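The lines below spell out each chain.
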Amino acid sequence: MKWFPDSFRSRLALAIGAMAVGVGLPFYVYLGHIYGQQLVQEREQSLHDLAESVAAVVSLNLGERLREISLLAPAEVSGGGAHGPGPDRAALDRLQTAYPTYAWIGVTDAEGVVKLATDGLLLGQTVAQRPWFSGGLRGPYLGDRHRAELLQSLLAPSSPEPLYFIDVAVPMPGAEGKPGGVLGAHLYWRWAADMMASIVPSKTARQQIDVFLVDRAGHISYPDRVSGADRVPPGLLEGVPQVLRDWSEGDAYLSVAMPVPEAWPASSLGWRVVVRQP
(Lines give C-alpha, C1' and ligand atoms only; values in the text may rest on other atoms or scores of the structure.)
Protein backbone atom coordinates (compact mmCIF):
# COMPACT_ATOMS: atom_id res chain seq x y z
CA MET A 1 0.00 0.00 0.00
CA LYS A 2 1.50 3.34 -1.05
CA TRP A 3 1.20 6.13 1.50
CA PHE A 4 4.04 8.43 0.50
CA PRO A 5 3.03 11.00 -2.19
CA ASP A 6 4.72 10.36 -5.53
CA SER A 7 4.06 13.77 -7.12
CA PHE A 8 6.50 16.61 -6.79
CA ARG A 9 3.75 18.99 -5.65
CA SER A 10 2.66 16.64 -2.89
CA ARG A 11 6.23 16.06 -1.75
CA LEU A 12 6.86 19.80 -1.70
CA ALA A 13 3.74 20.43 0.37
CA LEU A 14 4.77 17.74 2.82
CA ALA A 15 8.28 19.19 3.11
CA ILE A 16 6.96 22.71 3.70
CA GLY A 17 4.57 21.39 6.34
CA ALA A 18 7.39 19.57 8.10
CA MET A 19 9.55 22.70 8.03
CA ALA A 20 6.68 24.77 9.44
CA VAL A 21 6.28 22.36 12.32
CA GLY A 22 10.03 22.14 12.89
CA VAL A 23 10.50 25.90 12.95
CA GLY A 24 7.14 27.02 14.40
CA LEU A 25 6.82 24.61 17.31
CA PRO A 26 10.03 25.71 19.09
CA PHE A 27 9.03 29.33 18.43
CA TYR A 28 5.65 28.84 20.04
CA VAL A 29 7.23 26.97 22.94
CA TYR A 30 9.62 29.89 23.39
CA LEU A 31 6.78 32.40 23.29
CA GLY A 32 4.87 30.34 25.85
CA HIS A 33 7.90 30.31 28.13
CA ILE A 34 8.36 34.08 27.86
CA TYR A 35 4.66 34.68 28.45
CA GLY A 36 4.70 32.38 31.49
CA GLN A 37 7.67 34.25 32.95
CA GLN A 38 5.89 37.53 32.40
CA LEU A 39 2.78 36.26 34.19
CA VAL A 40 4.88 35.11 37.16
CA GLN A 41 6.68 38.46 37.34
CA GLU A 42 3.38 40.34 37.24
CA ARG A 43 1.96 38.12 39.98
CA GLU A 44 5.12 38.56 42.06
CA GLN A 45 4.77 42.32 41.80
CA SER A 46 1.10 42.18 42.75
CA LEU A 47 1.83 40.04 45.82
CA HIS A 48 4.79 42.25 46.70
CA ASP A 49 2.58 45.36 46.60
CA LEU A 50 -0.05 43.67 48.76
CA ALA A 51 2.52 42.55 51.35
CA GLU A 52 4.10 46.00 51.43
CA SER A 53 0.73 47.71 51.97
CA VAL A 54 -0.32 45.35 54.74
CA ALA A 55 3.07 45.66 56.48
CA ALA A 56 2.82 49.46 56.45
CA VAL A 57 -0.66 49.44 58.00
CA VAL A 58 0.40 46.94 60.70
CA SER A 59 3.28 49.25 61.63
CA LEU A 60 0.98 52.29 61.76
CA ASN A 61 -1.49 50.42 63.95
CA LEU A 62 1.23 49.41 66.40
CA GLY A 63 2.41 53.02 66.50
CA GLU A 64 -1.11 54.23 67.28
CA ARG A 65 -1.39 51.86 70.23
CA LEU A 66 1.94 53.11 71.56
CA ARG A 67 0.83 56.75 71.21
CA GLU A 68 -2.47 56.04 73.00
CA ILE A 69 -0.64 54.71 76.03
CA SER A 70 1.97 57.49 75.89
CA LEU A 71 -0.76 60.15 76.05
CA LEU A 72 -1.93 58.77 79.39
CA ALA A 73 1.48 59.25 81.00
CA PRO A 74 2.34 62.66 82.45
CA ALA A 75 5.01 64.67 80.67
CA GLU A 76 8.48 65.15 82.09
CA VAL A 77 9.71 68.70 82.63
CA SER A 78 13.28 69.92 82.36
CA GLY A 79 13.72 70.16 86.11
CA GLY A 80 12.98 66.46 86.53
CA GLY A 81 9.84 64.82 87.80
CA ALA A 82 6.35 64.72 86.37
CA HIS A 83 4.36 67.67 85.10
CA GLY A 84 0.77 67.43 86.30
CA PRO A 85 -1.07 64.43 87.74
CA GLY A 86 -0.71 60.96 86.31
CA PRO A 87 -3.63 58.93 84.94
CA ASP A 88 -6.45 57.95 87.25
CA ARG A 89 -8.62 54.85 87.18
CA ALA A 90 -11.31 56.67 85.18
CA ALA A 91 -8.84 57.51 82.40
CA LEU A 92 -7.72 53.89 82.14
CA ASP A 93 -11.31 52.67 82.08
CA ARG A 94 -12.27 55.17 79.37
CA LEU A 95 -9.51 53.93 77.08
CA GLN A 96 -10.45 50.30 77.67
CA THR A 97 -14.11 51.07 76.98
CA ALA A 98 -13.25 52.96 73.78
CA TYR A 99 -10.97 50.15 72.57
CA PRO A 100 -12.16 46.77 73.95
CA THR A 101 -9.09 45.06 72.51
CA TYR A 102 -7.27 46.35 75.60
CA ALA A 103 -7.48 43.44 78.03
CA TRP A 104 -5.75 45.30 80.87
CA ILE A 105 -4.18 48.70 81.50
CA GLY A 106 -2.22 49.44 84.66
CA VAL A 107 0.36 51.62 86.40
CA THR A 108 3.22 50.32 88.53
CA ASP A 109 5.68 51.96 90.86
CA ALA A 110 9.44 51.86 90.22
CA GLU A 111 9.69 48.42 91.88
CA GLY A 112 7.03 46.85 89.68
CA VAL A 113 4.10 46.77 92.12
CA VAL A 114 0.75 47.48 90.44
CA LYS A 115 -0.78 50.64 91.93
CA LEU A 116 -3.62 51.32 89.50
CA ALA A 117 -5.42 49.04 87.03
CA THR A 118 -8.59 48.56 85.03
CA ASP A 119 -11.18 46.54 86.97
CA GLY A 120 -8.72 46.56 89.87
CA LEU A 121 -6.97 43.48 88.45
CA LEU A 122 -3.50 42.66 89.84
CA LEU A 123 -3.56 45.55 92.33
CA GLY A 124 -0.74 45.12 94.82
CA GLN A 125 0.89 42.34 92.85
CA THR A 126 4.39 42.58 91.43
CA VAL A 127 5.10 42.45 87.70
CA ALA A 128 8.79 43.14 88.12
CA GLN A 129 9.73 39.96 86.24
CA ARG A 130 7.59 40.71 83.20
CA PRO A 131 9.45 41.92 80.08
CA TRP A 132 7.03 44.82 79.54
CA PHE A 133 7.91 46.27 82.93
CA SER A 134 11.69 46.12 82.48
CA GLY A 135 11.34 47.33 78.89
CA GLY A 136 8.97 50.12 79.87
CA LEU A 137 11.42 51.44 82.46
CA ARG A 138 13.93 52.06 79.68
CA GLY A 139 11.53 53.74 77.25
CA PRO A 140 8.54 53.10 74.97
CA TYR A 141 8.15 49.35 74.61
CA LEU A 142 6.30 46.98 72.26
CA GLY A 143 6.18 43.32 73.20
CA ASP A 144 5.71 40.33 70.91
CA ARG A 145 2.76 37.94 71.04
CA HIS A 146 2.82 35.81 74.19
CA ARG A 147 0.55 33.73 76.37
CA ALA A 148 -1.18 35.40 79.31
CA GLU A 149 0.68 34.62 82.53
CA LEU A 150 -1.03 36.43 85.40
CA LEU A 151 -4.35 37.31 83.78
CA GLN A 152 -5.49 34.02 82.22
CA SER A 153 -7.26 32.87 85.38
CA LEU A 154 -8.84 36.29 85.93
CA LEU A 155 -10.05 37.12 82.42
CA ALA A 156 -10.92 33.67 81.05
CA PRO A 157 -10.91 31.17 83.94
CA SER A 158 -13.06 28.57 82.16
CA SER A 159 -11.68 28.94 78.64
CA PRO A 160 -9.91 25.86 77.26
CA GLU A 161 -8.02 28.10 74.84
CA PRO A 162 -5.03 30.09 76.15
CA LEU A 163 -5.17 33.88 75.97
CA TYR A 164 -2.52 35.66 73.94
CA PHE A 165 -1.50 39.30 74.34
CA ILE A 166 0.86 41.84 72.92
CA ASP A 167 2.25 44.45 75.33
CA VAL A 168 2.61 48.21 75.16
CA ALA A 169 4.41 50.16 77.88
CA VAL A 170 5.93 53.59 78.57
CA PRO A 171 7.89 54.93 81.56
CA MET A 172 6.24 57.12 84.18
CA PRO A 173 8.47 60.09 85.05
CA GLY A 174 9.71 60.21 88.63
CA ALA A 175 11.91 62.40 90.78
CA GLU A 176 15.33 63.55 89.55
CA GLY A 177 14.65 62.35 86.04
CA LYS A 178 14.44 58.70 87.05
CA PRO A 179 11.51 56.47 86.07
CA GLY A 180 8.81 56.52 88.69
CA GLY A 181 7.10 53.44 87.35
CA VAL A 182 5.59 52.03 84.17
CA LEU A 183 2.27 52.52 82.43
CA GLY A 184 1.54 49.28 80.60
CA ALA A 185 -1.25 47.62 78.65
CA HIS A 186 -2.05 44.18 77.28
CA LEU A 187 -3.96 43.90 74.00
CA TYR A 188 -5.91 40.78 73.20
CA TRP A 189 -4.32 39.04 70.20
CA ARG A 190 -7.69 39.24 68.45
CA TRP A 191 -6.47 42.76 67.73
CA ALA A 192 -4.48 41.20 64.91
CA ALA A 193 -7.51 39.41 63.45
CA ASP A 194 -9.62 42.59 63.58
CA MET A 195 -6.85 44.63 62.01
CA MET A 196 -6.10 42.14 59.23
CA ALA A 197 -9.79 41.74 58.41
CA SER A 198 -10.03 45.50 57.92
CA ILE A 199 -6.97 45.93 55.70
CA VAL A 200 -6.72 42.73 53.59
CA PRO A 201 -8.86 43.09 50.43
CA SER A 202 -11.83 40.72 50.25
CA LYS A 203 -10.82 39.62 46.75
CA THR A 204 -7.77 37.80 48.13
CA ALA A 205 -9.94 34.86 49.20
CA ARG A 206 -11.37 34.50 45.70
CA GLN A 207 -7.86 34.59 44.28
CA GLN A 208 -6.67 31.94 46.79
CA ILE A 209 -4.24 34.43 48.32
CA ASP A 210 -3.22 33.83 51.95
CA VAL A 211 -1.83 36.61 54.14
CA PHE A 212 0.16 35.79 57.30
CA LEU A 213 1.80 37.67 60.15
CA VAL A 214 5.08 35.97 61.02
CA ASP A 215 7.36 36.46 64.02
CA ARG A 216 11.12 36.87 64.01
CA ALA A 217 11.72 33.10 64.02
CA GLY A 218 9.34 32.46 61.14
CA HIS A 219 6.43 31.08 63.18
CA ILE A 220 2.99 32.05 61.93
CA SER A 221 1.26 34.31 64.47
CA TYR A 222 -1.79 35.09 62.36
CA PRO A 223 -4.01 33.33 61.53
CA ASP A 224 -3.96 31.11 64.60
CA ARG A 225 -4.50 27.93 62.62
CA VAL A 226 -2.97 27.19 59.22
CA SER A 227 -3.59 23.80 57.64
CA GLY A 228 -0.38 21.80 57.51
CA ALA A 229 2.00 24.62 58.46
CA ASP A 230 3.03 26.43 61.64
CA ARG A 231 5.92 28.37 60.12
CA VAL A 232 6.98 29.72 56.75
CA PRO A 233 9.71 28.11 54.60
CA PRO A 234 13.14 29.19 55.92
CA GLY A 235 14.17 30.67 52.58
CA LEU A 236 11.65 33.46 53.00
CA LEU A 237 13.54 34.69 56.08
CA GLU A 238 16.89 34.74 54.29
CA GLY A 239 16.25 37.93 52.37
CA VAL A 240 14.72 36.34 49.25
CA PRO A 241 11.73 38.57 48.49
CA GLN A 242 9.97 36.52 45.77
CA VAL A 243 10.40 32.79 45.61
CA LEU A 244 8.63 29.58 44.71
CA ARG A 245 8.63 27.39 47.77
CA ASP A 246 7.22 23.99 48.63
CA TRP A 247 5.35 24.57 51.90
CA SER A 248 4.80 21.72 54.34
CA GLU A 249 1.36 21.13 52.82
CA GLY A 250 3.15 19.73 49.77
CA ASP A 251 1.85 22.36 47.35
CA ALA A 252 3.96 24.93 45.52
CA TYR A 253 3.19 28.58 46.19
CA LEU A 254 4.44 31.87 44.91
CA SER A 255 5.47 33.43 48.22
CA VAL A 256 6.51 36.97 49.10
CA ALA A 257 7.79 38.25 52.47
CA MET A 258 7.91 41.90 53.52
CA PRO A 259 9.30 43.19 56.86
CA VAL A 260 6.94 45.25 59.00
CA PRO A 261 8.54 48.69 59.54
CA GLU A 262 9.42 49.05 63.21
CA ALA A 263 6.92 51.30 65.00
CA TRP A 264 9.58 51.95 67.64
CA PRO A 265 13.14 51.02 66.54
CA ALA A 266 14.40 50.62 70.11
CA SER A 267 11.80 47.88 70.65
CA SER A 268 12.19 45.74 67.54
CA LEU A 269 9.64 42.99 66.90
CA GLY A 270 11.10 41.64 63.65
CA TRP A 271 7.67 40.85 62.24
CA ARG A 272 7.03 40.06 58.59
CA VAL A 273 3.98 39.94 56.39
CA VAL A 274 4.01 36.86 54.13
CA VAL A 275 1.68 36.53 51.15
CA ARG A 276 1.31 33.36 49.13
CA GLN A 277 -0.73 32.12 46.18
CA PRO A 278 -0.81 28.64 44.60
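Bear in mind the structure is a predicted one, so any value in this text is a computation, not a measurement. (Residues numbered from 1 in each chain as written. Predicted model: local features only at pLDDT ≥ 70, side-chain atom pairs only at ≥ 80, totals over all residues. Heavy atoms only, no water.)

Trainee: Explain the overall build of the protein here, please?
Mentor: The number of helices and strands found in the protein is six helices and twelve strands. Expressed as a percentage of the 278 residues in the protein, the buried residues total 41%. In the protein, 55% of the contacts between residues at least 6 apart in sequence involve partners at least 24 apart. For the protein, the accessible area works out to roughly 15400 Å², and carbon and sulfur atoms hold 57% of it. (Helix = DSSP H or I, 4+ residues; strand = E, 2+ residues; numbered from the N terminus. Buried < 20%, exposed > 50% of the residue type's maximum accessible area, 1.4 Å probe, protein only. Contact = heavy atoms within 4.5 Å. Areas by Shrake-Rupley, 256 points an atom, 1.4 Å probe, with all protein chains shown as cover.)

Trainee: Help me out: how do you make sense of the pattern of salt bridges in this one?
Mentor: For side chains bearing opposite charge, pairing can occur when the charged atoms are close. Applying the stated criterion across every chain, the model contains five salt bridges. Across the pair D109 and K115 runs a salt bridge, and its minimum N-O distance is 4.0 Å. For D109, a relative accessible area of 17% puts it in the buried group. For K115, a relative accessible area of 54% translates into the label exposed. For the salt bridge of D210 with R276, the shortest nitrogen-to-oxygen distance reads 2.9 Å. One end of the pair, D210, is in strand β8 (residues 210-214); the other, R276, is in strand β12 (residues 272-277), and 66 residues separate them in sequence. The exposure class of D210 is partly exposed, given its relative accessible area of 28%. (Salt bridge = Lys/Arg side-chain N within 4 Å of Asp/Glu carboxyl O.)

Trainee: Just checking my understanding: could you explain helix α2 (residues 89-98) for this structure?
Mentor: In an α-helix, one full turn covers 3.6 residues, which means residues spaced three or four apart are oriented alike. When we look at burial in α2, the residues that qualify are A91, L92, L95 and Q96. Relative to the axis of α2, the buried residues are bounded by an arc of 135 degrees and lie together on one face. Counted as exposed and oriented over 90 degrees from the buried face of α2: R94 and T97. (Arc of directions from axis to C-beta.)

Trainee: I'm lost on the packing of aromatic side chains in this one. Help?
Mentor: Aromatic ring pairs are reported here in terms of the distance separating the ring centres and the angle at which the planes meet. Across all of its chains, the model carries six aromatic pairs by this definition. Taken together, a centroid distance of 5.9 Å and an interplanar angle of 85 degrees make the contact between W189 and W271 edge-to-face. Taken together, the residues W189 in the loop between β7 (179-188) and α5 (190-199) and W271 in the loop between β11 (252-259) and β12 connect sequence positions 82 residues apart. A relative accessible area of 6% places W189 in the buried class. Put simply, the rings of W189, W191 and W271 pair up and form one aromatic cluster. The ring centre of Y164 lies 3.9 Å from the NZ or CZ of R145, which sits over that ring. The residue whose ring lies beneath R276 is Y253, and the NZ or CZ to ring-centre distance is 4.0 Å. (Phe/Tyr/Trp six-rings, centres within 6.5 Å; stacked < 30°, edge-to-face > 60°. Lys NZ or Arg CZ within 6 Å of the ring centre and 35° of its normal.)

Trainee: Sorry if this is basic, but what is going on with the layout of surface pockets here?
Mentor: To find leftover empty space, one rolls a probe the size of a water molecule over the atoms. By volume, the largest pocket amounts to about 280 Å³. In this structure, the largest pocket is lined by 13 residues; those nearest its centre are R145, P162, Y164, W189 and D224. Its residues placed into classes, the lining of the largest pocket shows seven nonpolar, one polar and five charged. (1 Å grid on protein atoms, 1.4 Å probe; cavity = no way out; pocket = protein on both sides within 12 Å on 5 of 7 lines; lining within 4 Å. Points joined across faces, edges and corners; volume = space filled by probe spheres on them. Nonpolar A, V, L, I, M, F, W, Y, C, P; charged D, E, K, R; others polar.)

Trainee: What is the right way to read the environment of R65 from this model?
Mentor: Examined against the element boundaries, R65 turns out to sit in helix α1 (residues 8-72). Note: C-alpha distance between R65 and A169 (104 residues apart in sequence) is 9.8 Å.

Trainee: So what exactly am I meant to see when it comes to the nonpolar core here?
Mentor: One broad trend across soluble globular proteins is that nonpolar side chains are buried collectively. Residues L183, L213 and W271 are the most contacted members of the largest nonpolar core, which totals 44 residues. At ten residues, α1 tops the list of elements feeding residues into this core. When sequence neighbours within four positions are dropped, the list of residues in contact with L183 reads I69, L72, A73, L92, I105, G106, V107, V168, A169, V170 and M172. Residues A148, L163, A169 and V182 belong to the second largest nonpolar core, which totals 18 residues. (Core = buried A, V, L, I, M, F, W, Y, C linked by side-chain atoms within 4.5 Å.)

Trainee: Hey, could you run me through unusual backbone geometry in this one?
Mentor: A negative phi holds for most residues other than glycine; trans holds for most peptide bonds. Following Y222, the chain continues into P223 via a peptide bond in cis, with omega recorded as -5 degrees. By secondary structure assignment, the location of P223 is in the loop between β9 (220-222) and β10 (242-246). Although it is not a glycine, L122 sits at a positive phi angle of roughly 70 degrees. Summarising the element assignment, L122 is placed in the loop between β4 (114-117) and α3 (131-138).

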